[in-house]
Structure formats: C-alpha cells, structure tokens
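Single-letter residue listing:
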Amino acid sequence: MPGRPSPLGRRGTERKGDVRERAILDTCEALLADKGYDAMTVGDVAQGAGITRGALYFYFGSKHEVVAALVARTVEHLWERSRVTAQTDEPRQAIAAAMQRTVELWDEHGLVMRTAIDLSLTVPEIGELWNHTADLFIAAITAVLERAGVQSGTAPEQASAMARALCWMIERSFYHASQESREKLQEASATCEHIWLISAGLIT
C-alpha cells in the first residue's frame, strides 16, 4: 500500500506542531467559507493569522500553496481515519467503517474537499495531490474487493477497475451531498456502501 498523501509545492519540510503554520491553514479554511477561493487574498490569510504578508511568504509562496497545504492536511486526516478500517479483515465491516469515516470528514471539511476538486484541473499542485489521494483509496478499495473474493486485475469485472469506478462515484456523491446537509451525506454514504457491497458480491 502506498504511503500517506503529503503536501506538495511546499517550501522546506513539514514543521509538525508549528503554531503559526497551523494558524495560517485554519485561517485559510475559515476564509474559504467566508469569501470563497477567488475573493480570498494572501493579505487576508496573513491578517487572519496575525502575521505580515512577508512572514506568510516564509511558509508559503502563494495562495495556491496555502490551499494545497490545507487540502493535504485534510486528505491526510481522511486517509488516517479510513486506512485502518479499510484493512479490517471482514469486508462488510471494512466497507461500513470506511464509509462512516468518509461521512465524518466531509461533514467537517466538505468545503475544503470541494475546493480541492474544483481546483484540481487548474492548479497542478492540488491536482497532483488529489489524484495521488484517489490512487491511495483505489488501492484500499481494491484490497477490500479482493478479500471479498473479486478477482484481481484491471479488466472491467476485476477488482482494480471496479475500485476505480467506486472511488470516483464516492467522490461525486459526497461532493454534491456536502453542499446540502449531513443527512444528505448519510444518504450518499448508504447508497455508495450498497453499491460497494454489490460490487464485492456480498449482497445481491
């Protein structure tokens, strides 16, 4: 299984526990909700984090880099929450647990996830990060399908191809549901879980 997603387009190495950097990312997430990506400026982020623009550029070189780091932090949380449950030996439990973890993160950080999807085609750092994250989940879904007895391989009826389709179905379903309510997220989760179970041959 590949490693966890890591921030892309960043200067230097990750400084875990750095209070100022965390403040920058928290401010960025708040501004996405208040202003949206297009209206948000580097100056807004710096002001909200209580630092100068020059200080912010010590950590990040552009607005794109700030958002890419925020996306990286968010999808890392998603991966951490889902990775262990997806490796549960019993496929039904793995599927149910993985979907519930997905609901939790989209409920908490749906705006960040939608922003990542919206920018993935136009901001290379974010697109690369998002595609890498998708590859991690495709690998995890593939493993669950294979444990359920689906043949390994890339043909349409085999685990890898089915996992890729499931991954992008889940992304689209949660993207739209997260714009409405947690109830819609739960409905999307139930639908995706049902289709995943059918794909795994665990229900008919």
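Residues numbered from 1 in each chain as written. Predicted model: local features only at pLDDT ≥ 70, side-chain atom pairs only at ≥ 80, totals over all residues. Heavy atoms only, no water.

A. Quick peek at the pattern of salt bridges. The final tally for this structure, using the stated rule, is six salt bridges. Of the charged contacts in the structure, one is a salt bridge between aspartate 107 and arginine 182, with a shortest N-O distance of 2.8 Å. Placement of aspartate 107 in helix α5 (residues 91-119) and of arginine 182 in helix α8 (residues 182-199) is noted, with a sequence separation of 75 residues between them. Look at aspartate 107 and you get partly exposed, because its relative accessible area is 38%. On the basis of relative accessible area, arginine 182 is assigned to the partly exposed category, the value being 35%. Among the salt bridges present, the one from arginine 172 reaches glutamate 171, with a minimum N-O distance of 3.2 Å. By relative accessible area, arginine 172 is classed as partly exposed at 35%. (Salt bridge = Lys/Arg side-chain N within 4 Å of Asp/Glu carboxyl O. Helix = DSSP H or I, 4+ residues; strand = E, 2+ residues; numbered from the N terminus. Buried < 20%, exposed > 50% of the residue type's maximum accessible area, 1.4 Å probe, protein only.)

B. Spatial organisation of the packing of α5 against α8. Relative orientation of the contacting elements α5 and α8 amounts to 155°, with a least axis distance of 10 Å. Viewed along their axes, α5 and α8 adopt a mutual orientation that is roughly antiparallel. Every pair of crossing elements has a handedness; the one defined by α5 and α8 is right-handed. Facing α5, whose interface residues are Arg92, Ile95, Ala96, Ala98, Met99, Gln100, Val103, Glu104, Trp106 and Asp107, α8 presents Arg182, Leu185, Gln186, Ser189, Cys192, Glu193, Trp196 and Leu197. Counted by class, the contact of α5 with α8 contains ten nonpolar, three polar and five charged residues. (Axes fitted to C-alpha atoms, helices over the stretch in contact; angles between N-to-C directions. Parallel < 35°, antiparallel > 145°, perpendicular 65-115°, else oblique. Left-handed = near helix turned anticlockwise from the far one by under 90°. Contact = heavy atoms within 4.5 Å. Nonpolar A, V, L, I, M, F, W, Y, C, P; charged D, E, K, R; others polar.)

C. Here's a closer look at the packing of aromatic side chains. One pass over the structure, following the stated rule, counts two aromatic pairs. Relative to tyrosine 59, the ring of phenylalanine 58 lies with its centre 5.3 Å away and its plane at 85°, an arrangement referred to as edge-to-face. Exposure remark for phenylalanine 58: the relative accessible area of 61% places this residue in the exposed category. Its relative accessible area of 8% is what places tyrosine 59 among the buried residues. (Phe/Tyr/Trp six-rings, centres within 6.5 Å; stacked < 30°, edge-to-face > 60°.)

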